[in-house]
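# Architecture at a glance
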Amino acid sequence: MTEAEFLALPEQKPYLEYVDGVVLQKPMPDDDHGFLVAELVGRLWLYAKEHGGRTGPEIRAAFPANFRLPDASYFAAGRPSANGAPPTLAIEVRSTGQTRAELRAKCRFFRAHGVDVCWLVDKTAREVEVFEAEGERTLGTSESLTSSVLPGFRLPLSDLFAVIEPQP
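Here's a quick rundown of the structure. Nothing here was measured: the structure is a model prediction, and the numbers come from that model. (Residues numbered from 1 in each chain as written. Predicted model: local features only at pLDDT ≥ 70, side-chain atom pairs only at ≥ 80, totals over all residues. Heavy atoms only, no water.)

## As for the overall build of the protein
Going by this rule: We count a stretch as a helix when DSSP gives it H or I for four or more residues in a row; a strand needs E for two or more, and each element gets its number in order from the N terminus. The size measure is the radius of gyration over C-alpha atoms, and the globule rule it meets is 2.2 Å times the number of residues to the 0.38 power. Each residue is placed in one exposure class: buried if its accessible area under a 1.4 Å probe, protein chains only, is under 20% of its type's maximum, exposed if it is over 50%, and partly exposed if it falls in between. Charged residues are defined here as Lys and Arg on the positive side and Asp and Glu on the negative side; His and the ends of the chain fall outside this count. Here the site of a charge means atom NZ of a Lys, CZ of an Arg, CG of an Asp or CD of a Glu.
Helices and strands together make up the secondary structure of the protein, namely four helices and 12 strands. Relative to the globule expectation of 15 Å for 168 residues, the C-alpha radius of gyration of the protein, 15 Å, shows essentially globular dimensions. When the 168 residues of the protein are sorted by exposure, 43% land in the buried category. Each charge sign in the protein was given a centre, from 18 positive and 24 negative side chains, and these centres are 2 Å apart.

## Describing the state of the cysteines
Short version of the rule: Note on terminology: pairs of cysteine sulfur atoms within 2.5 Å are recorded as disulfides.
Applying the stated criterion across every chain yields a total of one disulfide. Residue pairing for Cys107: its cysteine sulfur links by disulfide to Cys118, the two sulfurs lying 2.4 Å apart. Disulfide Cys107 to Cys118: torsion about the S-S bond roughly -45°, handedness left-handed. Taken together, the residues span a long stretch of sequence, with Cys107 in helix H3 (residues 100-112) and Cys118 in strand S8 (residues 117-122) at a distance of 11 residues. Comparing Cys107 with Cys118 shows no difference in burial state: the two are buried.

## Examining unusual backbone geometry
Non-glycine residue Asn83 carries a positive phi angle of around 60°. Structurally, Asn83 is set in the loop between strand S6 (72-75) and strand S7 (89-93). Despite not being glycine, Arg126 shows a phi value in the positive range, around 55°. For Arg126, the position within the fold is in the loop between S8 and strand S9 (127-132).

## Comments concerning the sheet that holds strand S5 (residues 66-68)
This is how it is decided: Each pair of strands is called paired provided DSSP finds at least two bridges between the two strands. Lines fitted to the C-alpha atoms define the axes, with helices restricted to the stretch that makes contact. Angles between their N-to-C directions range from 0 to 180 degrees. Two residues form a contact once any of their heavy atoms are found within 4.5 Å.
Read from one edge of the open sheet, four strands run S2-S1-S5-S4, paired in antiparallel fashion. Across the chains shown, the open sheet's two edge strands, defined by having one partner strand only, are strand S2 (22-25) and strand S4 (61-63). Ignoring strand direction, the axes of neighbouring strands in this sheet form an average angle of 30°. Two strands pair when backbone bridges link them, and strand S1 (residues 16-19) and S5 are joined in this way by two bridges, in the antiparallel orientation. Paired with Val19 across the two strands is Asn66, which belongs to S5. Those strands touched by H3 are S1, S4 and S5, and its axis lies near 115° from that of S5.

## Comments concerning helix H2 (residues 31-51)
Think of an α-helix as 3.6 residues a turn; residues three or four steps apart then line up on the same face. Applicable threshold: One less than the residue count of a helix, multiplied by 1.5 Å, gives the span that helix is expected to have. The arc refers to the directions leading from the helix axis to the C-beta atoms. Polar contacts here mean pairs of N or O atoms no more than 3.5 Å apart (in protein, one a potential hydrogen donor and the other a potential acceptor; neighbouring residues in sequence count only if both atoms are side-chain atoms).
For H2, built from 21 residues, the straight-helix expectation of 30 Å at 1.5 Å per residue is met to within 8% by its first-to-last C-alpha distance of 30 Å. Listed in full, the buried residues belonging to H2 are His33, Leu36, Val37, Leu40, Val41, Leu44, Tyr47 and Ala48. Viewed along the axis of H2, the buried residues span an arc of 125°, placing them on a single side of the element. Of the residues in H2, the exposed ones pointing more than 90 degrees away from the buried face are Asp31, Leu46, Lys49 and Glu50. Two or three places before Asp32, at the opening of H2, Asp30 has a side-chain oxygen 3.3 Å from that residue's backbone nitrogen. The positive-phi residue at the C-terminal boundary of H2 is Gly52, with phi of around 95°.

## Examining the sheet that holds S9
If you walk across this open sheet you meet the six strands as S3-S6-S7-S8-S9-S10, and the pairing is mixed. The two strands at the open ends of the sheet, each matched to only one other strand, are strand S3 (54-57) and strand S10 (135-139). Put simply, the sheet's adjacent strands are angled 15° from each other on average, direction ignored. When S6 meets S7, the two strands line up antiparallel, connected through three bridges. Each bridged residue has a counterpart across the sheet, and for Ala72 the counterpart in S7 is Ile91. In this fold H3 packs onto S7, S8, S9 and S10, with an angle of close to 165° to the strand it touches most, S8.

Structure representation (structure tokens):
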């Protein structure tokens, strides 16, 4: 399928991505996936209100021969955030049926094509893998998410994963 044919498709859910001429349907997210994305977008929205920038879920990013939809994106102040511009930060939350290997490859693709930082959130392992210029690292629940592209941002992973703990 051509890029033009892909872009002419009607919107559907789960959303579609276009990867090297192939249309792929994103996995149907479960509740925990949605709660984690909502928490991350909410925290980034508060950050953007104070520091500038834009954030949101499922914003299409255009890359050579690819249209991808990170689960959440943040665009730093002054950075284009329309017409498929790559975000400053892309976030992927692992859904049931997705492997960490395939999402690591997606994060590395993002990094190679203009995304400054990618976070891979694994709700089962309660870990976040960080992909940035300084390298790749894995954070556990006793650590906090920070980034050089988000000066002053700090999210303890214990707080992030608390949104998917069973409620009384």
